[in-house]
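Residues per chain, in single letters:
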Amino acid sequence: MNLDSRIPSGPIEKKWDNCRFDMKLVNPANKRKYTVIVVGTGLAGGSAAATLGELGYNVLCFSHQDSPRRAHSIAAQGGINAAKNYQNDGDSIYRLFYDTVKGGDFRAREANVYRLAQISVNIIDQCVAQGVPFAREYGGMLANRSFGGAQVSRTFYARGQTGQQLLLGAYQALERQIQAGSVKMFPRREMLDLIVIDGVARGVVTRDMVTGRFEATVADAVVLGTGGYGNIFYLSTNARNSNATAIWRAYKRGAAFGNPCFTQIHPTCIPVSGEYQSKLTLMSESLRNDGRIWVPLRKGDTRPPAQIPEAERDYYLERRYPSFGNLVPRDVASRNAKMVCDEGRGVGPSGFGVYLDFAGSINRLGADTIRERYGNLFEMYERITGEDPYSLPMRIYPAVHYTMGGLWVDYRLQSTIPGLFVIGEANFSDHGANRLGASALMQGLADGYFVLPYTIGDYLASSKLEKLDASHAAARQGLDGAGELTRKLLGIKGKRSVDSFHKELGKYMWEYCGMARNAKGLEHAQGKIAELRDEFWKNVNVTGGGEEINQALERAGRVADFLELGELMCLDALQRRESCGGHFREEWQTPEGEAQRDDENFSHAAAWLHQGPGKTPERLVEPLAFEYVHPSQRSYK
C-alpha cells in the first residue's frame, strides 16, 4: 500500500481553497439520504456531529459518557490559539504556521498546518457567536496571552476553563440538532469494532454499557473523534476513561497507525505523591506567563523556598533559553525539568519536582490580578496539595498529556480505509513530533466545524454506496467477535486485577518509552510487555458479568488494547533512529542536550499496517516535503 496524502496543488495559502473548489457537493435535498456515524462527543466529535446535522445529514452519535459535556475536552484549561493579531505584536497566519511546524520539530505536513492556521481565525468568530465567554480587555476586545513556543500573544482563553466553555458551545450546537431530529444520540455506548464491507467502512459495533447488549449500526461513513491514548502510561493527565479502543480496533481492521511513539510530556503537572494515584492533575501552561520556574543551585538543598536567596536559585529555562525563557515548548521544558531533577536538584518529598513561583508577579501586579487570571487553577492546586500558591511556589513535574500519533489520515482526514474519517487527537495529522500548547482545541474544532463537513461531503458525493442494514454478514461477524472477546475476558478467572496489569504496563512505558528512550530500554520494554500480555490473558480477574454495568470489564478490554499498542509504540520509537520533539532518543542529541534530527533518513511520517495476530506490522512511509519552512536545528535561545 502507498500512502497518498492527497495534498492539493498550488501555493500553500491557496491549497485549501483549491481543494474545496475541486470537491463534489451533495445537494441540500440529498443530504438527508445519507447517514453518518460519529463516535465521540468532545470538541472534535461534538462539533462534527452538530455541523453535519445542521447541514442536513442523518447523524448517529455515540459516546461512552452519559452526557457529551463529560468529554475529556472539558479538561483543557489554558486557551486556544488563533492568528487574529489583536495585540498588534507581529502575529499572522504565516507566523502561526511557522511556529507550529517548528514546534513540531519539522515532522508535520506543511499543508495541514497552514490550513489549521488559516481556519484558526474562523474558529474564534464561530465560538464568540455561540456565546463562549472569552476574556476581554477593558475596551471590549478579546484578550490574549502567551503560550510556549511563540513570541507573540495569540492564545484566547476563558480564565482556566477554556476547554469547558468551548465544549459547552459545541454541546449547545449538538443539542440543538438532537432536538431538531437530525442527530440521534447514543450515550453510554462503547465502540468495540469497525464494520468494514468490501474494503469500505460502513458501521460500528458497540456495547451498551448499562445493559451489556451488543449492537451493530451501519451507515454511509464513519467518523472517529475519540481522543488520544495517553492513558497507556496509566498515570497521565487524561480522564480515567480516555482510551485507545476505537482507533485500535480500526487499526486491526486495516487503518494505518501514524507515528504511534509521538507522545507529549506536559511540563506543568502536580508531581506524583504516592503509589495509590490513578491519574495526574494538569496545571495549565498559561501559568508560565506569570510564574518563574527554578530549582536550588545546590544539590540536596532541602530548605523551604522562601529561605533560599535569589543568588542560590537556578532559573534554568531563563538561563538556557533567554529568548523564550519560561515559554519554551513543552518538550524542551519537560526535558530540562527531568535533567535538573536527575542532577539531584529536584524539590519536594520525592525530589521529582521544580518550583513554579509567582512571588515576583504578585509583587509586581498584585494578588488580585493574579487571582483574576488564574484563581480557579490556584484553588485547584491548593485543594489537591494543601499548599497556598499565593504564599508558596507551586511544585510541578512533567507528565504524559497528549498523543501526536494516531490513525493516519490524508489531507481530507480520511484514513487508509475508505469511508473512515478520523478527527482531532485521534488522528496524527497536524502537530508533528510535539504539539504547541493551546493547539489541541484549535485542531479539534477546525476538523469538526470547518474541514470534515467539506471532505465527507465530497466522499459521499463521489461514492456509490449500497444500502445495507445490520443483518449483513460483516455486521453479524462483528457482533460475534465482540461477544466472544467479552466471554473470554470474563472466563479467565485469574488472580490479578485489571488495574495491576495497567499499572505495570504504565511503568514500563514511562521508564523506557517516556521522556527519554534508547535502543536497549525499548527492546527490554518490548520483551516485558509481551510477557505481561501473555500473563494478562492467563491470569486477569474480571469481576462481575457481561449483562450489566461492569467497569472492570470495560477497563479489561481497554487494557488489552493498550498492551498491544504499547508494543507498537516501542517498535515505532526503536525504528525512528533520531531525536525529534517529544521523541528523545538518548543516542541522538546535540552537545547541549537538545534533540538531534536525522532529516536525511527520517523526514517522514511512519504509518504501521496490521498484519495479523503475532505478526510484525508493516512500516509505511509518507515523505514530508518542506517548501516554505526549511528544517533547521530547532533553537529557542
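Residues numbered from 1 in each chain as written. Predicted model: local features only at pLDDT ≥ 70, side-chain atom pairs only at ≥ 80, totals over all residues. Heavy atoms only, no water.

**Describing the domain arrangement of the protein chain**
The domain architecture assigned to the protein chain consists of domain 1 (268-399) and domain 2 (482-599). Just the C-alpha atoms count here: the centres of domain 1 and domain 2 sit 30 Å apart. The interface is formed by ten residues belonging to domain 1 together with ten residues belonging to domain 2. At the boundary of domain 1 with domain 2, total buried surface from both sides reaches about 830 Å², with 52% on carbon and sulfur atoms. Looking at the side of domain 1 facing domain 2, the largest losses of area belong to Glu275, Arg335 and Lys338, adding up to 55% of the total buried there. Summed over the shared surface of domain 1 and domain 2, the result is two salt bridges. Lys507 is paired through a salt bridge with Glu275; the nearest N and O atoms lie 3.6 Å apart. Where domain 1 touches domain 2, the interface holds four residue pairs in polar contact (both at pLDDT 80 or more). Per-element tally for the side of domain 1 that touches domain 2: the top contributor is helix 9 (residues 330-345), with four residues. Split into classes, the residues belonging to the side of domain 1 that touches domain 2 amount to four nonpolar, one polar and five charged. (Domains from an automatic or database assignment. Contact = heavy atoms within 4.5 Å. Buried area = accessible area lost by both parts, 1.4 Å probe. Salt bridge = Lys/Arg side-chain N within 4 Å of Asp/Glu carboxyl O. Polar contact = N/O pair within 3.5 Å; in protein donor to acceptor, adjacent residues only side chain to side chain. Helix = DSSP H or I, 4+ residues; strand = E, 2+ residues; numbered from the N terminus. Nonpolar A, V, L, I, M, F, W, Y, C, P; charged D, E, K, R; others polar.)

**Some details on the pairing of strand 1 (residues 35-39)**
Where a strand is regular, its side chains alternate between the two sheet faces. Buried residues dominate strand 1, accounting for five of its five residues. Residues of strand 1 alternate between two faces, with Thr35, Ile37 and Val39 on one and Val36 and Val38 on the opposite face, all of them buried. Both strand 1 and strand 2 (residues 58-62) contribute to a ladder of five bridges, which runs parallel. When the sheet's bridge partners are listed, Val39 is paired in strand 2 with Phe62. (Buried < 20%, exposed > 50% of the residue type's maximum accessible area, 1.4 Å probe, protein only. Pairing = 2+ DSSP bridges.)

**Some points on helix 16 (residues 551-575)**
Because an α-helix packs 3.6 residues into every turn, residues spaced three or four apart end up facing the same way. The end-to-end C-alpha distance of helix 16, which contains 25 residues, comes to 36 Å, matching closely the 36 Å that a straight helix rising 1.5 Å per residue would cover. Looking at where helix 16 begins, the residue whose side-chain oxygen comes 3.1 Å from the main-chain nitrogen of Ala552 is Asn550. (Expected span 1.5 Å × (residues − 1).)

**Re the environment of His610**
Structurally, His610 is set in the loop between strand 18 (604-609) and strand 19 (618-623). Among the residues examined, His610 registers a relative accessible area of 25% and is labelled partly exposed. Remark: the alpha-carbon pair of His610 and Thr281, spanning 329 residues in sequence, is separated by 34 Å. Beyond its immediate chain neighbours, meaning those up to four positions away, His610 contacts Tyr251 and Lys252. Reaching out from His610, the side chain makes a polar contact with the backbone nitrogen of Gly612 at a distance of 3.5 Å.

**Section: the packing of helix 14 (residues 498-513) against helix 15 (residues 519-539)**
Running from N to C, helix 14 and helix 15 point in directions that differ by 170 degrees, and their axes come no closer than 9 Å. Accordingly, the angle class assigned to the pair helix 14 and helix 15 is roughly antiparallel. The residues of helix 15 that touch helix 14, namely those facing Phe501, Glu504, Leu505, Tyr508, Met509, Tyr512 and Cys513, are Gly521, Leu522, His524, Ala525, Lys528, Ile529, Leu532, Glu535, Phe536 and Asn539. Looking at the contact of helix 14 with helix 15, its residues break down into eleven nonpolar, three polar and three charged. (Axes fitted to C-alpha atoms, helices over the stretch in contact; angles between N-to-C directions. Parallel < 35°, antiparallel > 145°, perpendicular 65-115°, else oblique.)

**Quick look at the packing of helix 5 (residues 110-129) against helix 12 (residues 440-462)**
The description of two packed helices rests on the angle between their axes and on the distance between the axes. Running from N to C, helix 5 and helix 12 cross one another at 80 degrees; their axes reach a closest spacing of 9 Å. Relative to helix 12, the element helix 5 is oriented roughly perpendicular. Every residue of helix 12 that contacts helix 5 at Arg115, Leu116, Ile119, Ser120, Asn122, Ile123, Gln126 and Cys127 is listed here: Met442, Gln443, Leu445, Ala446, Tyr449, Phe450 and Val451. Residues that form the contact of helix 5 with helix 12 fall into these classes: ten nonpolar, four polar and one charged.

**Quick look at the nonpolar core**
In terms of nonpolar packing, the biggest core is built from 173 residues, with Ile80, Leu224, Leu407 and Leu420 touching the most fellow members. Summarising the domain contributions, this core has at least three residues from each of domain 1 (268-399) and domain 2 (482-599). Non-local contacts of Leu420, meaning those with residues more than four positions away in its chain, are made with Leu194, Ala201, Val222, Leu224, Ala250, Ala255, Leu407, Leu413, Gln414 and Ser415. Leu192, Val205, Ala475 and Ala482 belong to the second-largest nonpolar core, a separate cluster that totals nine residues. (Core = buried A, V, L, I, M, F, W, Y, C linked by side-chain atoms within 4.5 Å.)

**Regarding the side chain of Ser182**
Within the secondary structure, Ser182 sits in the loop between helix 6 (162-180) and strand 5 (183-186). The class for Ser182 is buried, based on a relative accessible area of 14%. Here the side chain of Ser182 touches Gly53 through a polar contact of 3.4 Å, landing on its backbone oxygen.

**A short note on the packing of aromatic side chains**
This model, assessed by the stated rule, comprises 25 aromatic pairs. When the centroid spacing of 4.7 Å and the interplanar angle of 45 degrees are considered together, the rings of Trp294 and Tyr355 count as tilted. Within this pair, whereas Trp294 is found in strand 12 (residues 292-296), its partner Tyr355 is found in strand 14 (residues 354-357), the two being separated by 61 residues in sequence. Comparing Trp294 with Tyr355 shows no difference in burial state: the two are buried. An aromatic cluster is built from Tyr229, Trp248, Tyr251 and Phe257, whose rings are joined through pairwise contacts. (Phe/Tyr/Trp six-rings, centres within 6.5 Å; stacked < 30°, edge-to-face > 60°.)

**So, the pattern of salt bridges**
One pass over the structure, following the stated rule, counts 52 salt bridges. Several salt bridges share partner residues, and in doing so they unite Asp105, Arg107, Asp331, Arg335, Arg576, Glu578, Arg597, Asp599 and Arg634 into one network.

**So, the sheet that holds strand 17 (residues 420-422)**
Taken in spatial order, the five strands make up an open sheet running 5-2-1-9-17, and their pairing is parallel. Two strands bound the open sheet, and with one partner strand each, they are strand 5 and strand 17. Ignoring strand direction, the axes of neighbouring strands in this sheet form an average angle of 20 degrees. In terms of strand pairing, strand 1 meets strand 9 (residues 221-224) through four bridges, oriented parallel. Bridge pairing in strand 9 links Ile37 to Val222.

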